[in-house]
Amino acid sequence: FPDFDLRASGLEESPLAYPSSIGLWTDILLSDIFFWHLHAALMCRQWLRPMSTIVEIGSGCGELARLLWLDHDPLAQWREIILIDLPESLFFAELYLCTALPTVRIRYDGHNLEGSNTGIIPEVGFRLIPAQVCAGQSFLCDLAVSQGSMQEMESETIAWYLAMLERHSVRRFYTLNG
């Protein structure tokens, strides 16, 4: 990304990161995992402008979602980032995102939503959906992202996620899994 200027972007590692993993470079807080997430965020950004909704599969603590939100172009008019993961991971993602981005709305959809058609909810910045209940969920999606999570899954689970994405209006799927 030769045109990307980290200093001008204002993006940096969260001060909530594990203290021994972060360091300063010209007054910018960085970590090794920061560049992994930043690379994914920049890949997503180059493909979709404007975008409305991003779905992240296996979101972990929510760091990629935070970077995507902070790199948000006001002209892009995206409304929502949906995080799909195990309920235990979503618990930590909710805590992290609430602390890192206290003004952004977060909704946890932990109940069975089968048959509902909630679509895009403009007042919500992040929607957290446990994997167990997202099968019946209906959402419009410009981009689905999976970074570093599918290598932890069984083949059947990966196939289930891919089939779920095919049922939705997913225009693009970015994956970086080892």
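Above this text sits the structure in question.
All values derive from a computational prediction rather than experimental measurement.

Definitions and limits used
Residues numbered from 1 in each chain as written. Predicted model: local features only at pLDDT ≥ 70, side-chain atom pairs only at ≥ 80, totals over all residues. Heavy atoms only, no water. Pairing = 2+ DSSP bridges. Helix = DSSP H or I, 4+ residues; strand = E, 2+ residues; numbered from the N terminus. Axes fitted to C-alpha atoms, helices over the stretch in contact; angles between N-to-C directions. Contact = heavy atoms within 4.5 Å. Expected span 1.5 Å × (residues − 1). Parallel < 35°, antiparallel > 145°, perpendicular 65-115°, else oblique. Left-handed = near helix turned anticlockwise from the far one by under 90°. Buried < 20%, exposed > 50% of the residue type's maximum accessible area, 1.4 Å probe, protein only. Right-handed = clockwise from strand over helix to strand, strands pointing away. Lys, Arg positive; Asp, Glu negative; His and termini not counted. Salt bridge = Lys/Arg side-chain N within 4 Å of Asp/Glu carboxyl O. Polar contact = N/O pair within 3.5 Å; in protein donor to acceptor, adjacent residues only side chain to side chain. Core = buried A, V, L, I, M, F, W, Y, C linked by side-chain atoms within 4.5 Å.

(A) Seen up close, the sheet that holds strand β5 (residues 106-108). Taken together, the six strands give an open sheet; going across it, the order is β5-β6-β4-β3-β7-β8, and neighbouring strands pair in parallel fashion. Where the open sheet ends on each side, the last strands, each with one partner, are β5 and β8 (169-176). The mean angle between the axes of side-by-side strands here comes to 20°, regardless of whether they run parallel or antiparallel. In this structure, β5 lies alongside strand β6 (residues 126-130), joined through three bridges in parallel fashion. If you follow I106 over to β6, its bridge partner there is F126. Sitting on the sheet, helix α4 (residues 87-100) touches β4 (80-85), β5 and β6, and the angle it makes with β6 is about 165°. Together, β3 (53-57), β4, β7 (140-147) and β8 form the strand contacts of helix α5 (residues 155-167), whose direction differs from that of β8 by roughly 150°.

(B) Main features of α5. Between the first and last C-alpha of α5 there are 19 Å, a value that for 13 residues agrees with the 18 Å anticipated at 1.5 Å per step. Buried residues belonging to α5 abut β3, β4, β7 and β8.

(C) Spatial organisation of the packing of helix α2 (residues 32-47) against helix α3 (residues 63-70). Two numbers describe how α2 lies on α3: the axes approach to 9 Å, and their chain directions differ by 50°. Taken together, the axes of α2 and α3 lie oblique to each other. α3 is crossed by α2, and the crossing has right-handed handedness. Residues F34, H37, L38, A40, A41 and C44 of α2 touch α3, and the partners they reach there are E63, L64, L67 and L68.

(D) Region of interest: the pairing of β7. In terms of burial, β7 is a largely internal element, seven of the eight residues being buried. Sheet analysis places β3 next to β7, joined by three bridges and oriented parallel. Bridged to V55 within β7 is A144. Where β7 lies against β8, seven bridges are found, and the strand directions are parallel. Within the sheet, the bridge partner assigned to V145 lies in β8 and is Y174. In this region the chain leaves β7, passes through α5 and returns to the parallel neighbour β8; the handedness of that crossover is right-handed.

(E) Summary view of the side chain of E13. Among the secondary structure elements, E13 is positioned in the loop between α1 (6-9) and β1 (22-25). Put simply, E13 is tucked away with no salt bridge, and the nearest opposite charge, on R66, sits 4.4 Å away. Side chain to side chain, E13 and S31 meet in a polar contact 2.4 Å long. Residues contacting E13, with those up to four places away along its chain left out, are I22, L29, L30, S31, I33, F34, E63 and R66.

(F) View of the nonpolar core. Ranked by internal contacts, the top residues of the largest apolar core, which has 31 residues, are L38, I81, L83 and F126. Among the elements of the structure, β2 (28-31), α2, α3, β4, α4, β6 and β7 are those that each provide at least two residues to this core. Ranked by residues supplied to this core, first place goes to α2 with seven residues. Once residues lying within four places of it in the same chain are set aside, the contact partners of L38 are F4, L6, L11 and L67. Core analysis: the next-biggest nonpolar cluster, separate from the first, contains 16 residues, C134, M150, M153 and M164 among them.

Remember that the coordinates give geometry; whether it matters functionally is a separate question.
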